[in-house]
Amino acid sequence: MKSFTYERAASPAAATAAFAKTKGARFIAGGTNLLDLMKLEIETPAHLIDVSRLSLDTIAPTPEGGLRIGAMVRNTDLAADARVRRNYGLVSRALVAGASGQLRNKA
C-alpha cells in the first residue's frame, strides 16, 4: 500500500473543499472496498477524506417529487423506506436481492 494523508471532515462543505483542493483525494466512509483496492494498489489515493461521522444518513423528499438519498443511508434502511417501496419498488427489490441482511446492514 502506498502512503497517503488522512483527514476527518467536520462538515459536508469541508469535505467538498478538501476534495477540490487535493489532487488524488478519495472519500472514505466504511472503506472496506477502497482499502482492499488500496492494498492491491489498484487504487492509490494521495489523500483520504473520512465522511463517516457526518449526518448523511437521511432520505428526504425533493421539491420535484423525487428522493434525496444521503451517502450514508444503509441499504436495508433504503429498501425498507415506505416511499422507496411505494414509488421505486424495483430499487427496493434489487437492494434486498443484492446481498444478505448482514451485508445490507453494513452497506
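Preceding this section is the structure that the text describes.
Residues numbered from 1 in each chain as written. Predicted model: local features only at pLDDT ≥ 70, side-chain atom pairs only at ≥ 80, totals over all residues. Heavy atoms only, no water.

J.: Can you help me understand the packing of aromatic side chains in this one?
T.: Describing an aromatic ring pair means giving the distance of the ring centres and the angle of the ring planes. A full pass over the atoms with the stated rule returns one aromatic pair. The interplanar angle of 20 degrees and the centroid separation of 4.9 Å between the aromatic rings of phenylalanine 19 and phenylalanine 27 together place this pair among those described as stacked. Given a relative accessible area of 39%, phenylalanine 27 falls into the partly exposed group. (Phe/Tyr/Trp six-rings, centres within 6.5 Å; stacked < 30°, edge-to-face > 60°. Buried < 20%, exposed > 50% of the residue type's maximum accessible area, 1.4 Å probe, protein only.)

J.: Help me understand the environment of arginine 68 in this model?
T.: Topologically, arginine 68 is positioned in strand β5 (residues 67–69). For arginine 68, a relative accessible area of 55% puts it in the exposed group. Setting aside anything within four residues of it in sequence, one finds arginine 68 in contact with Thr58, Ile59, Ala60 and Thr62. (Helix = DSSP H or I, 4+ residues; strand = E, 2+ residues; numbered from the N terminus. Contact = heavy atoms within 4.5 Å.)

J.: Looking at this structure, I do not really get the nonpolar core. What am I missing?
T.: Soluble globular proteins tend to bury their nonpolar side chains together. By size, the foremost hydrophobic cluster in this structure holds seven residues: Ala9, Ala15, Ala18, Ala25, Ile49, Val51 and Leu54. The contact partners of alanine 25, leaving out residues within four places of it in the chain, are Phe19, His47 and Ile49. In terms of nonpolar packing, the next biggest core, distinct from the first, is built from six residues, Leu78, Ala79, Val84 and Leu95 among them. (Core = buried A, V, L, I, M, F, W, Y, C linked by side-chain atoms within 4.5 Å.)

J.: How should I be thinking about the environment of threonine 16 in this particular structure?
T.: With respect to the element layout, threonine 16 can be found in helix α1 (residues 12–21). For threonine 16 and phenylalanine 27, which are eleven residues apart along the polypeptide, the C-alpha to C-alpha distance reads 9.5 Å.

J.: Before we go on, may I ask you to explain the sheet that holds strand β3 (residues 47–50) in this structure?
T.: Picture the strands of a sheet paired through backbone hydrogen bonds; they go either parallel or antiparallel. Taken in spatial order, the three strands line up as β1-β3-β2 in an open sheet, and their pairing is parallel. At either end of the open sheet lies a strand with only one pairing partner, and these are β1 (5–8) and β2 (25–28). Adjacent strand axes in the sheet meet at a mean angle of 25 degrees when their direction is disregarded. In the sheet, β2 pairs with β3 via four bridges, with the strands oriented parallel. Pairing of arginine 26 across the sheet is with leucine 48, part of β3. (Pairing = 2+ DSSP bridges. Axes fitted to C-alpha atoms, helices over the stretch in contact; angles between N-to-C directions.)

J.: For this particular structure, what's the right way to read the side chain of aspartate 81?
T.: Looking at the element boundaries, aspartate 81 is found in the loop between α3 (75–80) and α4 (82–87). Given the relative accessible area of 14%, aspartate 81 is considered buried. A polar side-chain atom of aspartate 81 sits 2.9 Å from a polar atom in the side chain of arginine 83. (Polar contact = N/O pair within 3.5 Å; in protein donor to acceptor, adjacent residues only side chain to side chain.)

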